[in-house]
Amino acid sequence: MKKTCCSAHIEGIMGRSTVFEIAGWLLPSGLLLLIPKCPMCIAAFAMIWTGCGLSFVTATYLRWTLITLCIACLVYLILTRASLIFALTNGYFRKDNRP
């Protein structure tokens, strides 16, 4: 079957799921699931992994910063996917709508 210009363009936009796209969803989701509730656990993990000690206040701020960044990343991914679906369903990529 011969591909037309429009179908090739839409196929190029949607594409197949790549490793980076899957990692973009799994990394913030997994990190959000694995963040400990206790800031002292974050301080202990930082001490084990890096050898640097963190105070309770610093660990608390680090925990809330990680949570905020994970949620912001997931919101960005959701809005990006939703805008692409919205554009495809409303025909923004049809050939007759182009200037």
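Heads up: these notes are all about the structure in this document. (Residues numbered from 1 in each chain as written. Predicted model: local features only at pLDDT ≥ 70, side-chain atom pairs only at ≥ 80, totals over all residues. Heavy atoms only, no water.)

### Considering the overall build of the protein chain
Right, on to step 1. Looking only at helices and strands, the protein chain features four helices and zero strands.
Right, on to step 2. Counted from the first residue to the last, the protein chain has its helices and strands arranged as α-α-α-α.
Right, on to step 3. Residues classed as buried in the protein chain amount to 17% of the 99 residues present.
Right, on to step 4. Nonlocal contacts in the protein chain, meaning residues at least 24 apart in sequence, comprise 62% of its contacts between residues at least 6 apart. (Helix = DSSP H or I, 4+ residues; strand = E, 2+ residues; numbered from the N terminus. Buried < 20%, exposed > 50% of the residue type's maximum accessible area, 1.4 Å probe, protein only. Contact = heavy atoms within 4.5 Å.)

### Some details on the environment of methionine 40
Right, on to step 1. Along the chain, methionine 40 falls in helix 3 (residues 39–50).
Right, on to step 2. Of the residues examined, methionine 40 reaches a relative accessible area of 44% and is grouped as partly exposed.
Right, on to step 3. Taking the C-alpha atoms as reference, methionine 40 lies 8.3 Å from serine 55; in sequence the two are 15 residues apart.

### Let's talk about helix 3
Right, on to step 1. In this model, helix 3 (12 residues) spans 16 Å end to end at C-alpha, consistent with the 16 Å of a helix rising 1.5 Å per residue.
Right, on to step 2. Regarding helix 3, the residues found buried are Pro39, Ile42, Ala43 and Ala46. Down the axis of helix 3, the buried side of the element spans an arc of 100°, and every buried residue falls inside it.
Right, on to step 3. Each element contacted by the buried residues of helix 3 is listed here: helix 4 (56–89). (Expected span 1.5 Å × (residues − 1). Arc of directions from axis to C-beta.)

### What to know about the packing of aromatic side chains
Right, on to step 1. Overall, the coordinates contain one aromatic pair when judged by the stated rule.
Right, on to step 2. Measuring from centroid to centroid gives 5.3 Å for phenylalanine 45 and tryptophan 49, while their planes differ by 10°, and the two rings are stacked. With phenylalanine 45 and tryptophan 49 both in helix 3 and four residues apart, the pair spans about one turn of that helix.
Right, on to step 3. Classification of tryptophan 49 as exposed rests on a relative accessible area of 69%.
Right, on to step 4. Here the guanidinium or amino end of arginine 63 rests over the ring plane of tryptophan 64, the centre of that ring lying 5.2 Å away. (Phe/Tyr/Trp six-rings, centres within 6.5 Å; stacked < 30°, edge-to-face > 60°. Lys NZ or Arg CZ within 6 Å of the ring centre and 35° of its normal.)

### Some remarks on a nonpolar patch on the surface
Right, on to step 1. A surface patch of nonpolar side chains, amounting to about 330 Å² of accessible area, comprises Leu32, Ile71, Val75 and Leu79.
Right, on to step 2. At three residues, helix 4 tops the list of elements feeding residues into the nonpolar patch.
Right, on to step 3. Along the polypeptide, isoleucine 71 turns up in helix 4.
Right, on to step 4. Relative accessible area serves as the criterion here: at 43%, isoleucine 71 is assigned to the partly exposed category. (Patch = residues over 30% accessible without salt bridge, like charges linked within 9 Å, V, L, I, M, F, W, Y side chains within 5 Å. Areas by Shrake-Rupley, 256 points an atom, 1.4 Å probe, with all protein chains shown as cover. Salt bridge = Lys/Arg side-chain N within 4 Å of Asp/Glu carboxyl O.)

### Focus on the nonpolar core
Right, on to step 1. Listed in full, the five residues of the largest apolar core are Ile35, Ile42, Ala43, Ala59 and Ile67.
Right, on to step 2. Listed by contribution, the elements that provide at least two residues to this core are helix 3 and helix 4.
Right, on to step 3. Not counting residues within four places of it along the chain, the set of residues in contact with isoleucine 67 comprises Leu32 and Ile35. (Core = buried A, V, L, I, M, F, W, Y, C linked by side-chain atoms within 4.5 Å.)

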